[in-house]
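As a plain string of letters, each chain reads:
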Amino acid sequence: MTMASPTEKLVEDVASVYFGAIGVAIKRGVEIDDGGERGDASRCVLSGRVAAALQRLNPGLPHDTLEGVARTLSRAPHPTLIRNNRWFHELLVDGVEVEYRDPKSIETRGGRARLVDFDNPGANELLVVRQLTVAGLSGKLIRPDLVVFLNGMPIVVIELKDPADTEADLGVAIRQLGRYMHTAPELFVPNLALVVSDGMLTRVGSLTSGPGRFMPWRPIGEREIGGAATLEALIRGLFPLPALLDYLRTCVVFEEDERGEIAKKIAGYHQFRAVRKARQSVLEHLRPPSGDGDGRGGVIWHTQGSGKSLTMLMLAGSLIRHPRMANPTVVMITDRNDLDDQLFDTFAAGRALLRQDPVQAESRAQLQRLLDRAAGGVVLSLIHISEPTRPRLI
């Protein structure tokens, strides 16, 4: 554990002001512990806030059932951090499966207890804790600069550095987060994203991101595109509750290879903006009876290396989830075999976002069969397969 420099503390103070400006509560770690919000320094969730959120978001579930849900959250089932992170992410997005006895009918019922209310962002609680001391399994202590809690669960860890210290750049901050994960992995089981910043330069990565995959987060507002990747840009762009919950549900993919290695991929600022803008345009242009538009959602212009396959996966998943889309059929058309295979591999790896398995059409007849359905389905095809047969000119 190292003491923050005066300039680093100033960056932390400024970050707190930015969070306060968007309505997020700020507390110091000592306040959390003096208030008895967790049992001891080894506990990484704020148990009282978790219990209050469970009661608030699941008023129809019995108290003892919700206590069981809280116990489930504290018992990660896997031996590795990334597998536990994937497990917890599924609980955040889909809820915890429960069985309980209905007090009126005395019947056993099944359902899911919500950890997050995605439909009503204001029903959730966001809290930033400064300098929270966490004890690892060995008893060694860590003290991240900022930890962001959603309904009592730590979903973002932010490590700050002194912009005037040339020896403490963002690479040092990334390595420090790696040591934190090794020392106290329990803190990172619910984690959505890792952030490093010196106030002026800000980068965002996932639990499996190497240093080169921590990407700048630039402003995403209409009048700010292309601005500097400052800490203010990140806080104002990602941490308002509607945006953060949208990112949590839409912009996270776990890819597992044939060896069982898992890579967690999260959207960059440009991908997040593209998904939100494209979804809004599609919804605004829905044809009757779903809307009053012309059915033309628009165009996303991708540059090489921008992560277009991942953006399309996240957009497809977002549209599939939206109630106004009424279980749409998504068709992806490419013009080259290698692109078709690349896109299919990305969609297959991200089937959790799609909530179904994608299918690659190998012929026009198969494509017609796949599209002969009332709703649902994710189909990928080459353009020459999807084109209608044209008569030959003699």
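Residues numbered from 1 in each chain as written. Predicted model: local features only at pLDDT ≥ 70, side-chain atom pairs only at ≥ 80, totals over all residues. Heavy atoms only, no water.

Would you take a moment to explain the overall build of the protein for this structure?
What the protein contains, in helices and strands, is 14 helices and 16 strands. For 394 residues, the compact-globule formula gives about 21 Å, and the C-alpha radius of gyration of the protein, at 23 Å, lands near that figure. Dimensions of the protein, computed from the C-alpha atoms along their principal axes, are close to 85 × 65 × 45 Å. Within the protein, the proportion of its 394 residues that are buried is 48%. Long-range contacts, defined here as pairs at least 24 residues apart, represent 60% of the contacts in the protein between residues at least 6 apart. Surface accessibility of the protein: about 20,200 Å² in total, with carbon and sulfur atoms responsible for 51%. (Helix = DSSP H or I, 4+ residues; strand = E, 2+ residues; numbered from the N terminus. Rg over C-alpha atoms; globule rule 2.2 N^0.38 Å. Buried < 20%, exposed > 50% of the residue type's maximum accessible area, 1.4 Å probe, protein only. Contact = heavy atoms within 4.5 Å. Areas by Shrake-Rupley, 256 points an atom, 1.4 Å probe, with all protein chains shown as cover.)

Looking at this model, I keep getting lost on unusual backbone geometry. Mind explaining?
If a residue is not glycine, its phi is most likely negative; likewise, a peptide bond is most likely trans. The omega angle of the peptide bond from P288 to P289 is 5 degrees, so this bond is cis rather than trans. Relative to the assigned elements, P289 resides in the loop between α9 (269-284) and α10 (308-321). Even without being glycine, A326 reaches a positive phi, approximately 50 degrees. Mapped onto the elements of the fold, A326 is located in the loop between α10 and β14 (330-334). Backbone geometry places N327, a non-glycine residue, at a positive phi of 60 degrees. One can find N327 in the loop between α10 and β14. For N327, a relative accessible area of 41% translates into the label partly exposed.

Looking at this model, I keep getting lost on the pairing of strand β10 (residues 202-205). Mind explaining?
Note on strand geometry: in a regular strand, side chains alternate between the two faces of the sheet. Relative to β10, strand β9 (residues 193-197) runs antiparallel, the two being bridged by 4 bridges. Looking across to β10, one finds that V196 is bridged to R203. The hairpin turn running from β9 into β10, its antiparallel successor, is 4 residues long, and G199 in that turn takes a positive phi close to 95 degrees. (Pairing = 2+ DSSP bridges.)

Looking at this structure, how should I read helix α6 (residues 170-183)?
For an α-helix the count is 3.6 residues per turn, leaving residues at separations of three or four pointing the same way. Between its first and last C-alpha atoms α6 spans 20 Å; for 14 residues at 1.5 Å apiece the expected length is 20 Å, and the two agree. Here α6 has its buried residues at L170, V172, A173, I174, Q176, L177, Y180, M181 and T183. The elements touched by buried residues of α6 are α5 (81-94), β6 (141-142), β8 (153-160), β9 and β10. For α6, the N-terminal capping position is held by D169, with its side-chain oxygen 3.1 Å away from the main-chain nitrogen of G171. (Expected span 1.5 Å × (residues − 1). Polar contact = N/O pair within 3.5 Å; in protein donor to acceptor, adjacent residues only side chain to side chain.)

Sorry, what's going on with the sheet that holds β8 here?
Spatially, the 7 strands line up as an open sheet ordered β1-β4-β7-β8-β9-β10-β11, and their pairing is mixed. At either margin of the open sheet sits one strand with a lone partner, and together these are β1 (25-28) and β11 (215-216). Inspection of the sheet shows strand β7 (residues 146-150) paired to β8 by 5 bridges, in the antiparallel sense. What sits directly across from F149, in β8, is P154. Contacts between helix α8 (residues 241-250) and the sheet are confined to β4 (126-130), β7 and β8, with β7 contributing the most and set at about 85 degrees to the helix. (Axes fitted to C-alpha atoms, helices over the stretch in contact; angles between N-to-C directions.)

Looking at this structure, I do not really get the environment of V331. What am I missing?
Within the secondary structure layout, V331 lies in strand β14. V331 sits in the partly exposed class, given a relative accessible area of 36%. Taking the C-alpha atoms as reference, V331 lies 8.3 Å from G377; in sequence the two are 46 residues apart.

What exactly am I supposed to notice about the pattern of salt bridges here?
It is possible for side chains bearing opposite charge to pair when their charged atoms get close. Inspection of the entire model under this criterion finds 21 salt bridges. Measuring nitrogen to oxygen at the nearest pair gives 2.9 Å for the salt bridge that ties R86 to E256. One end of the pair, R86, is in helix α5; the other, E256, is in strand β12 (residues 252-256), and 170 residues separate them in sequence. Where E97 meets R112, a salt bridge forms, and the shortest distance between an N and an O atom there is 3.9 Å. (Salt bridge = Lys/Arg side-chain N within 4 Å of Asp/Glu carboxyl O.)

What should I look at first to understand the sheet that holds β14 in this one?
Backbone-to-backbone hydrogen bonds pair the strands of a sheet. The strands run either parallel or antiparallel. Across the sheet, which stays open at both edges, the 3 strands sit in the order β14-β16-β15 with parallel pairing between neighbours. The open sheet terminates on both sides in strands that have one partner only, identified here as β14 and β15 (359-360). Bridge analysis of β14 against strand β16 (residues 378-382) gives 5 bridges, and the strand direction is parallel. By the bridge assignment, V330 is partnered in β16 with V378.

Teacher, can you tell me more about α5 here?
Taking 1.5 Å per residue as the helical rise, α5 with its 14 residues ought to reach 20 Å, and the 20 Å between its terminal C-alpha atoms agrees with that figure. Most of α5 sits inside the fold, with 10 of its 14 residues counted as buried. Taken as a whole, α5 has its buried residues at L81, I82, N84, N85, W87, F88, H89, L91, L92 and V93. Looking one or two places after α5, you find G95, whose phi comes out positive at around 90 degrees.

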